[in-house]
Amino acid sequence: MHRRALLKTAAAAIPFTFSAGRLYALPASGPRLLVVFLRGAYDAANIVVPVSSDFYYASRPNLAIAKSTALPLNADWGLHPALKDTIYPLWQKQQIAFVPFAGTDDTSRSHFETQDNIELGQPSSSESGGAARDYGSGFMSRIAATLAGTTPISFTAQLPLSFRGPKPVPNIALNFTAKPGVTGKNAELIEAMYQGQDLAPAVAEGFRVQNEVYQAISAEMQAANRNAVSPKGFELSAQRIGILMRDKFNLGFVDIGGWDTHVNQGAGEGYLAARIGELGRGLALLADSLGPAWDDTIVIVVSEFGRTFRENGDRGTDHGHGSTYWVLGGGVKGGRLAGRQVAVTKENLFQDRDWPVLNDYRGLIGGVVKKAYGLSPAQIEGVFPAALPQDLALI
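These numbers come from a predicted model, not from an experiment.

Enquirer: Now, about helix α11 (residues 361–373): what can you tell me, with residues and values included?
Expert: With 13 residues, α11 ought to run about 18 Å at 1.5 Å a step, and its terminal C-alpha atoms sit 18 Å apart, in line with that. Burial within α11 is extensive, with eleven of its 13 residues counted as buried. Three or more residues of α11 are buried, namely Y361, R362, G363, L364, I365, G366, G367, V368, V369, A372 and Y373. Measuring from the backbone nitrogen of R362 back to the side-chain oxygen at the start of α11 gives 3.0 Å, which picks out D360 as the cap. Positive backbone phi, at 65°, marks G374, one or two positions downstream of α11.

Take a look at the structure:
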């Protein structure tokens with residue numbers, strides 16, 4: 001199917017009225033902004049890979065991405081090979097930058113607490129002197145209130161904390177749930193095929209372990225996801241998001257779950273590789289469906305925290321601290337690793353287990369928003385109180 005036909009098919013599913021082939025025009029000037037939240041804490045170190053670090057390869061004997069397969073970013077960093085045809089072309093066009101060692105000062109390693117902290121964008125308890133947080137004021141809502149004429153939307157099943165505020169914001173669910181590829185009757189049929197053969201016990205045990213693992217981790221992962229769409233769901237919905245952001249809305253939020261990889265995470269292939277591939281294809285489709293509007297769009301990809309630098313005994317990774325954020329768009333000054341960085345060594349780990357946080361999320365996002373919209377110091381203070389905007393020269 002041709003690209004135009006694909007876009008028409010996607011548009012047909014959107015519950016908004018078209019006029020002369022376009023949605024009603026955007027009332028506001030300035031770039032579009034879409035925040036993509038990877039709920040569950042994706043393993044940044046296996047996506048933007050510290051290929052020059054011997055410590056990385058020693059710490060991940062089963063999970064490390066081989067330097068020979070990583071897509072070169074610079075002498076020290078490489079990109080997961082699953083992003084070869086989607087995100088890497090944006091890197092080559094200098095339309096994406098990665099900010100490693102990014103995150104919050106929250107050290108709870110709790111999905112829920114840290115997700116709340118990010119979505120609220122308010123001073124931490126240490127910064128506020130222990131003052132209570134306002135759960136009725138999310139940072140996306142404050143951006144919408146600061147920018148005149150914004151048309152916000154949340155591509156979520158429920159209105160996220162980030163958009164809570166005085167201004168009503170519409171939300172659209174992008175529901176898609178991923179489960180093990182072979183289950184139920186299909187698994188029984190495969191087991192029956194091997195009945196009486198030497199491989200029968202191994203096949204039966206494989207399905208049993210798959211089911212036990214899924215049952216053990218699915219409840220925690222689903223809770224960490226907070227009803228977020230799966231990476232596959234995002235891939236399938238990206239064209240619709242792009243069309244809506246192109247023609248109707250200019251401030252958006254979408255959350256994507258499925259990143260809590262405690263068990264059998266995989267390396268160049270496997271669970272995480274499949275999920276990051278879906279994310280990459282979704283972002284590429286989003287850029288394509290925006291068309292020329294991509295040049296006037298900023299996408300910021302965040303996650304609540306990173307994961308332990310060393311792999312665990314289940315060939316996965318556990319809750320960590322520092323992560324890597326992405327900033328992409330047609331007008332982004334990309335093709336580089338931005339922000340404060342340190343060598344990836346044992347000595348530079350946070351609490352001898354995680355990446356440190358050197359680039360505060362409020363300073364990073366605040367710096368992008370301030371530069372993109374020409375906000376005054378007082379205006380950006382209203383969006384991210386007590387945070388110093390960090391100008392990484394991305395805009």
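Enquirer: Mind laying out the confidence of the model for the chain, listing which residues take part and the relevant values?
Expert: The predicted model of the chain has a mean per-residue pLDDT of 85, with 79% of residues at 70 or higher. Between residues 1–28, whose pLDDT stays under 50, and residues either more than four places distant or in other chains, the model counts 51 contacts. pLDDT under 50 marks residues 212–221. Its contacts with residues more than four places away, or in other chains, come to twelve contacts.

Enquirer: Please give an account of the pairing of strand β9 (residues 251–256) that cites residues and values.
Expert: Of all six residues making up β9, six are buried, and the element is well covered by its neighbours. Burial along β9 is two-sided: the residues L251, F253 and D255 and G252, V254 and I256 are all buried. Here strand β3 (residues 32–38) pairs with β9 via six bridges, running parallel. Residue pairing for β9: L33 is matched across the bridge by L251.

Enquirer: Lay out the side chain of E278 in plain terms, naming residues and giving numbers.
Expert: Note on placement: E278 falls in helix α10 (residues 271–290). At 3.2 Å, the side chain of E278 forms a polar contact with the backbone nitrogen of K232. For E278, the residues in contact, after removing those within four places along its chain, are P231, K232 and E235.

Enquirer: Tell me about the environment of W326, residues and numbers included.
Expert: Residue position: W326 is located in strand β11 (residues 323–328). Given the relative accessible area of 0%, W326 is considered buried. It is 6.9 Å that separates the C-alpha atoms of W326 and V302, two residues lying 24 residues apart in sequence.

Enquirer: Describe the nonpolar core, naming the residues involved and giving the relevant values.
Expert: Counting 61 residues, the largest nonpolar core has F98, L283 and W326 as its most contacted members. Counting residues per element, this core draws most heavily on α10, which supplies seven residues. If sequence neighbours within four positions are ignored, L283 has contacts with I87, F234, V299, V301, W326 and L328. Counting 37 residues, the second-largest nonpolar core is a separate cluster that includes V99, L147, V169 and A387.

Enquirer: Mind laying out the pattern of salt bridges, listing which residues take part and the relevant values?
Expert: A complete count under the given rule lists 13 salt bridges for this structure. Residue E119 pairs with R39 through a salt bridge whose shortest N-O separation is 2.9 Å. A residue pair is termed long-range when its members are at least 10 positions apart, and E119 in helix α4 (residues 111–120) and R39 in the loop between β3 and β4 (48–49) qualify at 80 residues. Using a relative accessible area of 1% as the deciding quantity, one classes E119 as buried. We classify R39 as buried; its relative accessible area is 2%.

Enquirer: Now, about the sheet that holds strand β6 (residues 78–79): what can you tell me, with residues and values included?
Expert: The strand order across the open sheet built from three strands is β4-β6-β5, with neighbouring strands paired in antiparallel fashion. Looking along the sheet, the strands with just one partner apiece sit at the ends: β4 and β5 (71–72). Across two bridges, β5 lies against β6 in antiparallel orientation. Bridging from a neighbouring strand, P72 pairs with G78 of β6.

Enquirer: Could you give an account of the pairing of β11, with specific residues and numbers?
Expert: Here β11 lies mainly inside the structure; six of its six residues are buried. The side-chain alternation of β11 yields two buried faces, one formed by S323, Y325 and V327 and the other by T324, W326 and L328. Pairing analysis gives three bridges linking strand β10 (residues 297–303) to β11, with the strands arranged antiparallel. Within β11, the position partnered with V301 by the bridge is W326.

Enquirer: Hey, could you go over α10 for me, with residue numbers and the actual values?
Expert: Under the 1.5 Å per step criterion, the end-to-end length of α10 is 29 Å for 20 residues, consistent within 8% with the ideal 28 Å. In terms of burial, α10 is a largely internal element, 14 of the 20 residues being buried. Residue G291 follows α10 closely and has a positive phi angle near 60°.

Enquirer: How would you explain the packing of helix α9 (residues 231–247) against α10 if you had to name every residue and give the values?
Expert: Each packed pair of helices is defined by two parameters, the angle between the axes and the distance between the axes. At a minimum axis distance of 8 Å, the contact between α9 and α10 shows a crossing angle of 15°. With respect to each other, α9 and α10 are oriented roughly parallel. The two elements α9 and α10 meet at a crossing, and its hand is right-handed. Residues P231, K232, F234, E235, A238, Q239, I241, G242, I243, M245 and R246 of α9 lie in contact with α10, whose contacting residues are R275, E278, L279, R281, G282, L283, L285, L286, S289 and L290. Its residues placed into classes, the contact of α9 with α10 shows eleven nonpolar, four polar and six charged.

Enquirer: Got a sec to walk through the packing of aromatic side chains? Specific residues and values, please.
Expert: Across all of its chains, the model carries twelve aromatic pairs by this definition. Relative to F309, the ring of Y56 lies with its centre 6.1 Å away and its plane at 65°, an arrangement referred to as edge-to-face. On the criterion of sequence distance, the pair formed by Y56 in helix α2 (residues 54–59) and F309 in the loop between β10 and β11 is long-range, its members being 253 residues apart. Across this residue pair, the class does not change: Y56 and F309 are buried. Summarising the aromatic geometry, the rings of F98 and W326 are spaced 5.5 Å apart at their centres and angled 85° between planes, so their arrangement reads as edge-to-face. Taken as a pair, F98 in strand β7 (residues 96–103) and W326 in strand β11 lie far apart in primary sequence, 228 residues in all. Through pairs of rings, three or more aromatic residues link up here, namely Y42, W91, F98, W259 and W326. Seen from the ring of F37, R39 lies directly overhead, with NZ or CZ sitting 4.8 Å from the centre.

The rules behind each value
The residue count restarts for each chain, going from 1 along the sequence in the order it is written. Where local features are concerned, this predicted model is filtered to residues with pLDDT of at least 70; where side-chain atom pairs are given and counted, the filter is 80 or more; whole-chain, interface and lining totals use all residues. Only hydrogens and water are set aside; all other atoms, that is, all heavy atoms of the structure, feed into the side-chain values. In this text, helices come from DSSP runs of H or I with a minimum length of four residues, and strands from runs of E with a minimum of two, each type numbered from the N-terminal end. In this analysis, the expected span of each helix is defined as 1.5 Å times one less than the number of residues it contains. A simple rule labels every residue: compare its accessible area, found with a 1.4 Å probe on the protein chains alone, to the largest value its type can have, and call it buried under 20%, exposed over 50%, or partly exposed in between. Here a polar contact is taken to be a pair of N or O atoms separated by no more than 3.5 Å, where protein atoms must pair a possible hydrogen donor with a possible acceptor and residues adjacent in sequence count only if both atoms sit in side chains. Scored from 0 to 100, pLDDT reflects the predictor's confidence in each residue. Residues are treated as being in contact if the distance between any of their heavy atoms lies within 4.5 Å. In this analysis, strands are considered paired if DSSP registers two or more bridges between them. Here, the term nonpolar core denotes a set of buried Ala, Val, Leu, Ile, Met, Phe, Trp, Tyr and Cys residues that are joined through side-chain atoms within 4.5 Å. We define a salt bridge as a side-chain nitrogen of Lys or Arg found within 4 Å of a carboxyl oxygen belonging to Asp or Glu. Fitted lines through C-alpha atoms serve as axes, helices being fitted only where they are in contact, and the angles separating the N-to-C directions of these axes extend from 0 to 180 degrees. The labels follow the angle: roughly parallel below 35 degrees, roughly antiparallel above 145, roughly perpendicular from 65 to 115, and oblique for the rest. Each crossing is labelled by how the near helix is turned from the far one, with a counterclockwise turn of less than a right angle marking it left-handed and a clockwise turn marking it right-handed. Under the convention adopted here, Pro, Cys and the residues Ala, Val, Leu, Ile, Met, Phe, Trp and Tyr are nonpolar, Asp, Glu, Lys and Arg are charged, and Gly plus all remaining residues are polar. Any two of the Phe, Tyr and Trp rings considered here, Trp counted by its six-membered ring, make a pair once their centres fall within 6.5 Å; the pair's planes then place it as stacked at under 30 degrees, edge-to-face at over 60, or tilted in between. Sitting over a ring, as applied to charges here, requires NZ of Lys or CZ of Arg to be within 6 Å of the ring centre and within 35 degrees of the ring normal.

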